[in-house]
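# Notes for the structure review
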Amino acid sequence: MKPLKKAVLPVAGLGTRFLPTTKALAKEMLPVVDKPLIQYAVEEARAAGIEQFCFITGRGKTAIVEHFDVAYELERTLEERGKHDVLASLRSQALPPGSINTVRQQVPMGLGHAIWCARAFIGEDPFAILLPDDLMLCETPCTQQLAEAYYETGGNVVAIEEVPMERVKNYGVLDIAEDKGKLVSVKGLVEKPPVEYAPSNLTVIGRYVLMPQVIEYLARMERGAGGEVQLTDAMAKLIPHQPFHGVRYEGRRFDCGDKAGYLEAQIAFALKRADMAPAVREFLPKYR
Ligand code: G1P
């Protein structure tokens, strides 16, 4: 079994739900407390042993790549001002040279198309996908939980959660072959089905470990839900040929592509921080 060392992070989305902020700012640079969404995703991937990152970018997304570069002037200024803690924290977050790759998607043809754009980066290797809009608060980082499942079962694994039936239309939905508790073997997948056609209420969240063969199905450029090339449809085609499992991850997901979800993430993450929690606990009751 090949080790999991690569991750693909699609960041080309326009972020229309956060206009006007996202007119000139990549939505992945929106902060939760004091860290941009993209950094949470990268740190989660690193904690799972990922060494190579590929950002699928588009126009107006250069800040994301800049963010992971060394900022010499800033570092010197911090040093001169004696801000050693901040400097040490910045340096500890730096990625090794040569670990960031980017490709441009150029046309908004859907998540499946975005992943296909990373085909040269993926090559013959298994790879993780992290959708930075889905912010995860987990004891064991979510991608780590998927990596552990991958090393156990081989093949494809996706993080899953149960949602109320009326919300399945927003997600990729699992058709279950066997429910083993934490692990679920999958016999089918449907992207954003109307509730009456949904095979279950187990949905895929934005964390995947996939085999490189998914690219062959994406390359067909078949349009699915919303007229887009859907990752879910290509994954479904892998199922007859390779193991495919859902993992009931342990932790919480915040949909930061949604304004209320984003706001809730601020509170949840602030409450986890020793420097923030007391102040938040003090003001929060005022808003009941
Ligand atoms: C994407 C996927 C969907 C998945 C969801 C998780 O949808 O297409 O299968 O359930 O992410 O966040 P999107 O939210 O981009 O519409």
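Residues numbered from 1 in each chain as written. Predicted model: local features only at pLDDT ≥ 70, side-chain atom pairs only at ≥ 80, totals over all residues. Heavy atoms only, no water.

A few words now on the overall build of the chain. Counting its secondary structure elements, the chain contains 11 helices and 13 strands. Radius of gyration (C-alpha) of the chain: 19 Å, near the 19 Å computed for a compact globule of 288 residues. Expressed as a percentage of its 288 residues, the buried residues of the chain come to 48%. Residue pairs at least 24 apart in sequence account for 76% of intrachain contacts in the chain once pairs closer than 6 positions are excluded. Summed over all atoms, the accessible surface of the chain reaches about 14,700 Å², with 53% contributed by carbon and sulfur. (Helix = DSSP H or I, 4+ residues; strand = E, 2+ residues; numbered from the N terminus. Rg over C-alpha atoms; globule rule 2.2 N^0.38 Å. Buried < 20%, exposed > 50% of the residue type's maximum accessible area, 1.4 Å probe, protein only. Contact = heavy atoms within 4.5 Å. Areas by Shrake-Rupley, 256 points an atom, 1.4 Å probe, with all protein chains shown as cover.)

Before going further, it helps to spend a moment on the pairing of strand E8 (residues 156-162). Taken across its 7 residues, E8 has 6 buried, putting it largely inside the fold. When E8 meets strand E12 (residues 244-248), the two strands line up parallel, connected through 5 bridges. Looking at E12, one finds that Ala 159 is bridged to Val 247. (Pairing = 2+ DSSP bridges.)

To continue, consider the nonpolar core. In terms of nonpolar packing, the biggest core is built from 34 residues, with Ile 115, Tyr 208, Val 214, Leu 231 and Met 235 touching the most fellow members. Contact partners of Tyr 208, with chain neighbours within four places excluded, come to Leu 111, Phe 127, Ala 128, Ile 129, Leu 131, Leu 146, Val 157, Val 158, Leu 231 and Met 235. With 33 residues, the next largest nonpolar core counts Cys 138, Ala 147, Tyr 150 and Leu 183 among its residues. (Core = buried A, V, L, I, M, F, W, Y, C linked by side-chain atoms within 4.5 Å.)

If a residue is not glycine, its phi is most likely negative; likewise, a peptide bond is most likely trans. Of note, the amide linkage connecting Leu 19 to Pro 20 takes the cis form, showing an omega dihedral of 5°. Phi is positive for Gln 106, close to 65°, though the residue is something other than glycine. Residue placement: Gln 106 occurs in the loop between strand E5 (100-104) and helix H5 (111-116). The class of Gln 106 is exposed, set by a relative accessible area of 71%. In this structure, Met 221 is a non-glycine residue whose phi angle is positive, near 55°. Within the fold, Met 221 resides in the loop between helix H8 (214-218) and helix H9 (231-238). Overall, Met 221 belongs to the partly exposed group, its relative accessible area being 22%.

Another aspect to go through is the packing of aromatic side chains. Under the criterion given, the structure shown has 6 aromatic pairs. Measuring from centroid to centroid gives 6.0 Å for Phe 254 and Phe 269, while their planes differ by 70°, and the two rings are edge-to-face. Of this pair, Phe 254 sits in strand E13 (residues 252-255) while Phe 269 sits in helix H10 (residues 259-271), and the two are 15 residues apart along the sequence. For Phe 269, a relative accessible area of 9% corresponds to the buried category. Look at Phe 283 and Tyr 287: their rings are 6.4 Å apart centre to centre, the planes differ by 85°, and that puts the pair in the edge-to-face class. (Phe/Tyr/Trp six-rings, centres within 6.5 Å; stacked < 30°, edge-to-face > 60°.)

With 12 residues, helix H7 (residues 142-153) extends 17 Å between its outermost C-alpha atoms, agreeing within 8% with the 16 Å of an ideal straight helix rising 1.5 Å per residue. Among the residues of H7, those classed as buried are Cys 142, Thr 143, Gln 145, Leu 146, Ala 147, Ala 149 and Tyr 150. Phi for Gly 154, located one or two positions after H7, is positive at around 70°. (Expected span 1.5 Å × (residues − 1).)

Here the focus is the site of the ligand. The full set close to the ligand counts 14 residues, and Asp 134, Gly 172, Glu 191, Lys 192 and Val 204 are the nearest of them. For the ligand, an oxygen atom lies 2.5 Å from a polar atom in the backbone of Val 204. Split into classes, the residues belonging to the shell around the ligand amount to 6 nonpolar, 4 polar and 4 charged. (Near = heavy atom within 4 Å. Polar contact = N/O pair within 3.5 Å; in protein donor to acceptor, adjacent residues only side chain to side chain. Nonpolar A, V, L, I, M, F, W, Y, C, P; charged D, E, K, R; others polar.)

Glancing now at the environment of Glu 75. With respect to the helices, strands and loops of the structure, Glu 75 is situated in helix H3 (residues 72-80). Classification of Glu 75 as buried rests on a relative accessible area of 14%. Contacts of Glu 75, omitting those with residues within four sequence positions, involve Val 70, Leu 87 and Arg 91.

Extensive coverage of strand E11 (residues 202-210) is indicated by the burial of 9 of its 9 residues. As paired elements, strand E6 (residues 127-130) and E11 share 4 bridges and run antiparallel to each other. Across the sheet, residue Leu 130 finds its bridge partner in E11, namely Arg 207. The pairing of E8 with E11 spans 5 bridges and is antiparallel. Within E11, the residue paired with Glu 162 across the bridge is Leu 202.

The next point concerns H9. If you check which residues of H9 are buried, you get Leu 231, Thr 232, Ala 234, Met 235 and Leu 238. Buried residues of H9, seen end-on, are gathered within an arc of 160° and therefore sit on one face of the element. (Arc of directions from axis to C-beta.)

Turning our attention to the side chain of Glu 191. Note that Glu 191 resides in strand E10 (residues 183-191). Only 2.8 Å separates the side chain of Glu 191 from the side chain of Lys 192, close enough to count as a polar contact. In this view, Glu 191 contacts Tyr 171, Gly 172, Ala 225, Gln 230, Thr 232 and Asp 233; residues no more than four positions away in its chain are not counted.

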